[in-house]
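Analysis of the macromolecular model
The primary structure of each chain is shown beneath.
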Amino acid sequence: MNMNRFVYADNAATTQVSDSVFDAMLPFLKEKYGNASSIYSIAHEAKFAIEDARKQVAEALGAQKNEIFFTSCGSESDNWAIKGAAQLGAAKGKKHIITTNFEHHAVLHTCEALAKEGFEITYLPVNEEGLITPQQVADAIREDTALVTIMYANNEIGTILPIPEIGAICREKNVLFHTDAVQAVGHVHINVAEQNIDLLSLSGHKIHAPKGAGALYIRKGVRIPNLIHGGGQEAGRRAGTENNAFIVALGQAITDATKDIDSKNAKVAKLRDKLIDGVVKTIPKVRVNGSMEHRLSGNANISFEGIEGESILLMLDMHGICASSGSACTSGSLDPSHVLLAIGLPHEKAHGSLRLSFGENNTEEDVDYILEVLPKIIQRLRDMSPVWQA
Ligand code: PLP
């Protein structure tokens, strides 16, 4: 193992807690640890800090403060939004949900659970670039459609979907619209009011807050039922003693993440493009997955013929490079990525895919190092691969 170099290129899986986030949250673990519902001063301080964080999240999304509800993660937010909208719809006899075939499992498995309860799910197929058109959504909406749930940006191939256009269609047709924006927040300009979004999920650990803090935006007037019942926290809509420190962290993280989106994207996209360029020029039989035009600035997803993504990951790790094949949640499974199958890759190519996801902490030197190591790894694995030899 090369102990001298460490390159973290898996920012779509999770991110390192930043200094500003760490500094903001620390007092709420040590001195200001009060239960926000209690009446003494350390509790009040926590309560005020939570409300400040709510304001920070609202401002970052173009929402009102009372439209933001803190949760434990992106998966919880997705579950709450989709199950809640389904219940609202069912009460009016509407049991049809529209989504895509390449959502995160927090959305897909929730839809599958609802299908078992009698909901009908339309899975819009993405094209070979990993995109859908607003017209596909318009054509799929029916009288009994309760919800459209479509991700803002894909976690594996980084494609950015036409969310403002889809929002406009849903609003015109009076159908609730939820977007899983876990990968988009901090990378794409989001304004829930202008983009006609009714429900939006986000997660702190993708934007340099710790794991365990998320939020759901619920447009004022959308009365989805609670997912978690209990105490009166979060305006009575999400029970559970507030995670003061992590909520403060999320507020700081989203403020930082949405401050200079364009300049950060420009810097990170340069790294991504340098990496993709270098790989395409030095390694034969590769395929870059997903649209290059509508793409998150940090995402590079590349398939290598004749070898397994997992072996590439293990060898990269031996060189101190952290990357991913498919989504982190599904690694360990031998099934090929559903996202890569959705864009039409055959099983063998889907198996040989690598995701490198850069963030603002990465440098040109990181990319140079990956470009030094990766071609040798691919060559070595191909030399050992009976599939490649064939
Ligand atoms: N949605 C997308 C698009 C994601 O990428 C992820 C995490 O990878 C999630 C939802 C789940 O978020 P969390 O890990 O906070 O539950």
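Residues numbered from 1 in each chain as written. Predicted model: local features only at pLDDT ≥ 70, side-chain atom pairs only at ≥ 80, totals over all residues. Heavy atoms only, no water.

Focus on the overall build of the protein chain
Assigned secondary structure in the protein chain consists of 15 helices and 12 strands. For the protein chain, whose C-alpha radius of gyration is 21 Å, the value lies close to the compact-globule estimate of 21 Å for 390 residues. Taken along its principal axes, the extent of the C-alpha atoms in the protein chain is 65 × 55 × 35 Å. Pairs at least 24 residues apart make up 72% of the contacts formed inside the protein chain by residues separated by at least 6 positions. Carbon and sulfur atoms make up 53% of the accessible area of the protein chain, which totals about 16,700 Å². Averaging the locations of the 37 positively and 47 negatively charged side chains of the protein chain gives two centres separated by 3 Å. (Helix = DSSP H or I, 4+ residues; strand = E, 2+ residues; numbered from the N terminus. Rg over C-alpha atoms; globule rule 2.2 N^0.38 Å. Contact = heavy atoms within 4.5 Å. Areas by Shrake-Rupley, 256 points an atom, 1.4 Å probe, with all protein chains shown as cover. Lys, Arg positive; Asp, Glu negative; His and termini not counted. Charge placed at Lys NZ, Arg CZ, Asp CG, Glu CD.)

A word on unusual backbone geometry
A positive phi angle, close to 60°, is found at Asn 174, a residue other than glycine. Residue position: Asn 174 is located in the loop between helix 7 (163–172) and strand 6 (176–180). The residue Ala 235 is not glycine, and still its phi comes out positive at about 55°. Along the chain, Ala 235 falls in helix 8 (residues 233–236). Overall, Ala 235 belongs to the exposed group, its relative accessible area being 70%. (Buried < 20%, exposed > 50% of the residue type's maximum accessible area, 1.4 Å probe, protein only.)

Structural notes on the environment of Ile 42
Following the sequence through the fold, Ile 42 ends up in helix 3 (residues 41–61). The class for Ile 42 is partly exposed, based on a relative accessible area of 26%. A sequence separation of 11 residues divides Ile 42 from Glu 31, and the C-alpha atoms of the two residues are 7.7 Å apart.

Section: the side chain of Ser 291
Checked against the element boundaries, Ser 291 lands in the loop between strand 9 (286–288) and strand 10 (299–304). Dropping the residues within four chain positions of it, Ser 291 is found in contact with Glu 129, Leu 131 and Thr 159.

Quick notes on the sheet that holds strand 12 (residues 353–357)
Judged by pairing direction, the sheet is antiparallel, and its 3 strands sit side by side in the order 9-10-12 without closing on themselves. The outermost strands of the open sheet, each flanked by one partner alone, are strand 9 and strand 12. The mean angle between the axes of side-by-side strands here comes to 25°, regardless of whether they run parallel or antiparallel. As paired elements, strand 10 and strand 12 share 5 bridges and run antiparallel to each other. Bridge pairing in strand 12 links Ala 300 to Leu 356. (Pairing = 2+ DSSP bridges. Axes fitted to C-alpha atoms, helices over the stretch in contact; angles between N-to-C directions.)

So, the site of the ligand
In the neighbourhood of the ligand, 13 residues make up the surrounding shell, with Ser 75, Asp 180, Gln 183, Ser 203 and Lys 206 lying closest. Contact between the ligand and Ser 75: an oxygen atom at 2.7 Å from a side-chain N or O atom of the residue. Note that a nitrogen atom of the ligand is positioned 2.6 Å from one of the side-chain N or O atoms of Asp 180. Protein coverage of the free-state accessible area of the ligand, which is 390 Å², stands at 91%. (Near = heavy atom within 4 Å. Polar contact = N/O pair within 3.5 Å; in protein donor to acceptor, adjacent residues only side chain to side chain.)

Considerations on the nonpolar core
As a rule of thumb, nonpolar side chains are buried together in soluble globular proteins. Grouped together as the largest cluster of nonpolar side chains are 69 residues, with contacts concentrated most on Leu 61, Val 148 and Ile 150. Top contributing element to this core by residue count: helix 9 (residues 244–257), with 9 residues. Both domains that furnish three or more residues to this core are identified here as domain 1 (19–259) and domain 2 (260–384). With residues near it in sequence (within four places) discarded, Val 148 still touches Ile 98, Val 137, Ile 141, Ile 166, Cys 170, Val 175, Leu 176, Phe 177 and His 178. Ranked by size, the runner-up nonpolar core spans 30 residues in total, among them Leu 275, Phe 304, Ile 321 and Leu 354. (Core = buried A, V, L, I, M, F, W, Y, C linked by side-chain atoms within 4.5 Å. Domains from an automatic or database assignment.)

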